[in-house]
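Reading the structure
What follows is the residue order along each chain.
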Amino acid sequence: MSEQLKFIVEHLNKDPFKKNFNLITFDSLEPMQLLQILNDVLAEIDPKQTIDIREEMPDQTAKRMFTLLGMLKYKPPGNMSEPSSFRQGLVTGSKPVIHPILHWLLQRITELKKRAYLARFLVKLEVPAEFLQDDVITDTYHQYEELVEGFKTYHKECEQLKSSGFSTAEIRKDIGAMEEEKDQLIKRVERLKKRVESVSNHQRMLELARQLRVEKEREESLAQQKQEQKNQLFQAEQRLQRSQQQLKDLRQAAADAKPESLMKRLEEEIKFNSYMVYDKLPKELESKRRMVQYLQKVVSEPAMGQAELGELEDKIRENNIEINLLIEKRMMRNDPMDDKLSLFRQQASIITRKKEAKAEELQEAREELAALDRELNQKNSQARDQDGDEVIRGDELKRFVGKLRSKGTVFKKKRQEITELRAEYGVLQRTEEILKQRHEVGQQQLQSMEAQKGISGYSDTQEELERVSAIKSELDEMKGRSLDDMSEMVKKLNSTIVEKKSALAPIIKELRPLRQQCQELTQEYEEKKAQYDSCAAGLESNRSKLEQEVRALREEMAQEENRYHYINCMKEIIEMQMQRAAEEMKAYVSPDPQERRKTIREQYMKNIAEQESLGKKLREQQKTVRESHGPNMKQVKMWRNLEQLMECKRQCFLRAQSQASIGQVIQEGGEDRLVL
């Protein structure tokens, strides 16, 4: 309690209260003064509570404080758990009620300010149900709820922005830098405009540059469209490859497998899918829903402090202890031998766990298989991108080798043609050089004629325009060709899909009677499985009963065995004691004195006599010491006094000798000496 009072006084003396209390003055405050201090602290948390309690009725003051403390989630201590006693203590200004409230408020004043601010907007108004029948009131109440939700969202965004580390000074600095950069760019544009205005035909050149920029942007958009269409084509090829692989797998399965194996595989797949759909996935979905509801409930509640979290953890710990105690009581009350259904429950739980484990293993295996298929397709696509074709194996490799040999002969012929073309290329290259020289001479003549006429540069401009128009026509032609190729590819893919569907139609027809047969076999299998499960459950229950009986008998056998060994040990100990007693009796009644001396009784009697004689001697010594203690102490005191007297004489002698030696005149050998 003293620590609590020290904490309260220390915080009330600080800003913003500045009460200038000490422990004595604070403890001697009247109830009204205590209530006023509590009201001042509450007013610091919620400014609406600023009021002089002398101007307010005591019941209204208690009700107002009680409401605010409930909104702040204050919980009275254990001895004030009843609301009536707590309310009465709050009205009368009782110290055992006011002091814990002040201590709790001053500990977390910043957190409570935030909670009080949020409570102004988040604590919903309670409207009676009969008023909500009115449409206007209902619409207004819905708007009010939407505004509350909007406030929650904006408050969260504000808190996130406060904690994100963004600084307005940095943002202003960035804006100023961007404005400076903008001004520099504007100045550069103005300078370039001034430089361009001095050039002839600058408007024409600007128009051509604008057109060139437009064409480049168009070229980029067309390249992007081309890339997108390539991606779509690649995806379509992948889908085609997957379809081909599935078709190949189906053909292999139809060629190699028998109807029984197909039926068995389909039954397993149907069972697995039905288990996933009806058992596992609904449970997982329900657990996810419960988790979402719990998280929504947690989000909707106001923020909690560290003290409230500690209280919740304590409650959770207490509830866990109570649950464990109840489970132990139930286990002690219910005997598993008497519960006939416990075995079946145990077996059902074991089977369920095994089933779930196997389902998870199968799901993981399927996911691994799908990942490996994706990796295989990726590797094939990489190989196709690098080499232009998929990885070949088996018979395809043999066919590839045959093609390679036939292409070898073609390669030799083409190489001979290449040598001939190279020779012709040398002749054409020489011809080109001659024509270039003639062209340069003609260009020089043309430039001189243009200079004479005053239109220099006309031919270069005309050639540039022709080149740009030729490039544009080539681009248009390439666009048209790419679109035609893509439309043709789409047509081919559609035709391929139609062919594959027509090829799969007879297989589907053959599969229909097999499905009916599969259903019949599945029904028969379920009946047999039910019989097997019932028989296995009976045998399992018998086996468990026998195991329990064997376990009980083994425990009983172990207990009896331990008891047997204990009895044997006790028997041996008693026999040894009886043997020693017989030997002692024999030696005691023996007429031989030597034998009697060996007995334990004689040895104990001898030790007792020795100890008694020793005790007698010690008592005599004690008596002597007691008689001589007084004279001896007097003698010791006298010797000590004598010692002190001799010490005193020695000191006096030394002092007298030292005083006599100061200023002494010594005559020796006809000389006088003064010794100081």
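Residues numbered from 1 in each chain as written. Predicted model: local features only at pLDDT ≥ 70, side-chain atom pairs only at ≥ 80, totals over all residues. Heavy atoms only, no water.

A short note on the overall build of the chain
- Each helix and strand counted, the chain has 17 helices and 2 strands in total.
- Scored against the burial criterion, the 676 residues of the chain give a buried share of 13%.
- Sequence separation of at least 24 residues holds for 58% of the intrachain contacts in the chain that already meet a minimum separation of 6.
- Summed over all atoms, the accessible surface of the chain reaches about 56,400 Å², with 56% contributed by carbon and sulfur. (Helix = DSSP H or I, 4+ residues; strand = E, 2+ residues; numbered from the N terminus. Buried < 20%, exposed > 50% of the residue type's maximum accessible area, 1.4 Å probe, protein only. Contact = heavy atoms within 4.5 Å. Areas by Shrake-Rupley, 256 points an atom, 1.4 Å probe, with all protein chains shown as cover.)

What about the nonpolar core?
- Counting 33 residues, the largest nonpolar core has Leu-12, Phe-26, Leu-38, Leu-72, Ile-101, Leu-102 and Leu-105 as the members making the most contacts within it.
- Look past the residues within four positions of Leu-38 in its chain and what remains in contact with it is Met-65, Leu-90, Ile-98, Ile-101, Leu-102 and Leu-105. (Core = buried A, V, L, I, M, F, W, Y, C linked by side-chain atoms within 4.5 Å.)

With respect to the side chain of Arg-64
- Take Arg-64: it is sitting in helix H4 (residues 58-71).
- A residue is classified by how much of its surface remains accessible, and Arg-64, at 18% relative accessible area, is buried.
- Ignoring anything within four residues of it in the chain, the contact list for Arg-64 reads Asn-39, Gln-49, Ile-51, Ile-53 and Glu-56.

A few points about helix H1 (residues 2-12)
- For H1, the set of buried residues is Gln-4, Leu-5, Ile-8, Val-9 and Leu-12. Buried residues along H1 cover an arc of 125° about the axis, so they all sit on one side.
- On the buried face of H1, the contacting elements are helix H2 (23-27), helix H3 (31-45) and helix H6 (95-107). (Arc of directions from axis to C-beta.)

Observations regarding the packing of H3 against H6
- It is the contact of H3 with H6, at a shortest axis distance of 11 Å, that shows an interaxial angle of 25°. Classed by the angle they form, the pair H3 and H6 counts as roughly parallel. Seen along the crossing, H3 lies across H6 with a hand that is left-handed. Taken together, the residues of H6 that come into contact with H3 (itself represented by Leu-34, Leu-35, Ile-37, Leu-38, Val-41, Leu-42 and Ile-45) are Lys-95, Ile-98, His-99, Ile-101, Leu-102, Leu-105 and Leu-106.
- Looking at side-chain class alone, the contact of H3 with H6 contains 12 nonpolar, 1 polar and 1 charged residues. (Axes fitted to C-alpha atoms, helices over the stretch in contact; angles between N-to-C directions. Parallel < 35°, antiparallel > 145°, perpendicular 65-115°, else oblique. Left-handed = near helix turned anticlockwise from the far one by under 90°. Nonpolar A, V, L, I, M, F, W, Y, C, P; charged D, E, K, R; others polar.)

A look at the pattern of salt bridges
- Within this structure, the stated rule accounts for 14 salt bridges.
- Asp-533 is the salt-bridge partner of Lys-529, the closest N and O atoms lying 3.2 Å from each other. Residue Lys-529 and its partner Asp-533 are located together in helix H15 (residues 458-588), separated by 4 residues, close to a single helical turn.
- Lys-529 gets classed as partly exposed once you look at its relative accessible area, which sits at 34%.
- On the basis of relative accessibility, which here comes to 35%, the residue Asp-533 falls in the partly exposed class.
- Connected via shared salt-bridge partners are Glu-540, Arg-543 and Glu-547. (Salt bridge = Lys/Arg side-chain N within 4 Å of Asp/Glu carboxyl O.)

A few points about the environment of Ile-45
- Within the secondary structure, Ile-45 sits in helix H3.
- Residues Ile-45 and Glu-111, spaced 66 residues apart in sequence, show a C-alpha to C-alpha distance of 9.2 Å.
- Once residues within four sequence positions are removed from consideration, Ile-45 is found in contact with Leu-72, Leu-105, Ile-109, Leu-112, Lys-113 and Ala-116.

Some remarks on a negative patch on the surface
- Together, Glu-284, Glu-360, Glu-364, Glu-367 and Glu-368 line one region of the surface with negative charge.
- Of the residues forming the negative patch, the biggest block, 4 residues, is contributed by helix H13 (residues 341-387).
- Mapped onto the elements of the fold, Glu-364 is located in helix H13. (Patch = residues over 30% accessible without salt bridge, like charges linked within 9 Å, V, L, I, M, F, W, Y side chains within 5 Å. Lys, Arg positive; Asp, Glu negative; His and termini not counted. Charge placed at Lys NZ, Arg CZ, Asp CG, Glu CD.)

Side note on a nonpolar patch on the surface
- On the surface, Tyr-566, Ile-567, Met-570, Ile-573, Ile-574 and Met-578 cluster together into a nonpolar patch covering about 600 Å² of accessible area.
- Along the chain, Tyr-566 turns up in helix H15.

Some words on the side chain of Asn-39
- Along the polypeptide, Asn-39 turns up in helix H3.
- Judged by relative accessible area, which is 0%, Asn-39 ranks as buried.
- At 2.9 Å, the side chain of Asn-39 forms a polar contact with the side chain of Arg-64.
- In contact with Asn-39, not counting residues within four places along its chain, are Gln-49, Ile-51, Ile-53, Arg-64 and Met-65. (Polar contact = N/O pair within 3.5 Å; in protein donor to acceptor, adjacent residues only side chain to side chain.)

What to know about H3
- End to end, H3 covers 21 Å across 15 residues, agreeing with the expected 21 Å (1.5 Å per residue, within 8%).
- Among the residues of H3, Leu-34, Leu-35, Ile-37, Leu-38, Asn-39, Val-41, Leu-42, Ala-43 and Ile-45 are the ones counted as buried. (Expected span 1.5 Å × (residues − 1).)

Section: the confidence of the model for the chain
- Scored by pLDDT, the chain comes out at a mean of 79, with 86% of its residues at no less than 70.
- For the chain, the element scoring lowest by mean pLDDT is strand E1 (residues 664-668), at 56; helix H17 (residues 600-660) scores highest, at 88. (pLDDT = per-residue confidence, 0-100.)

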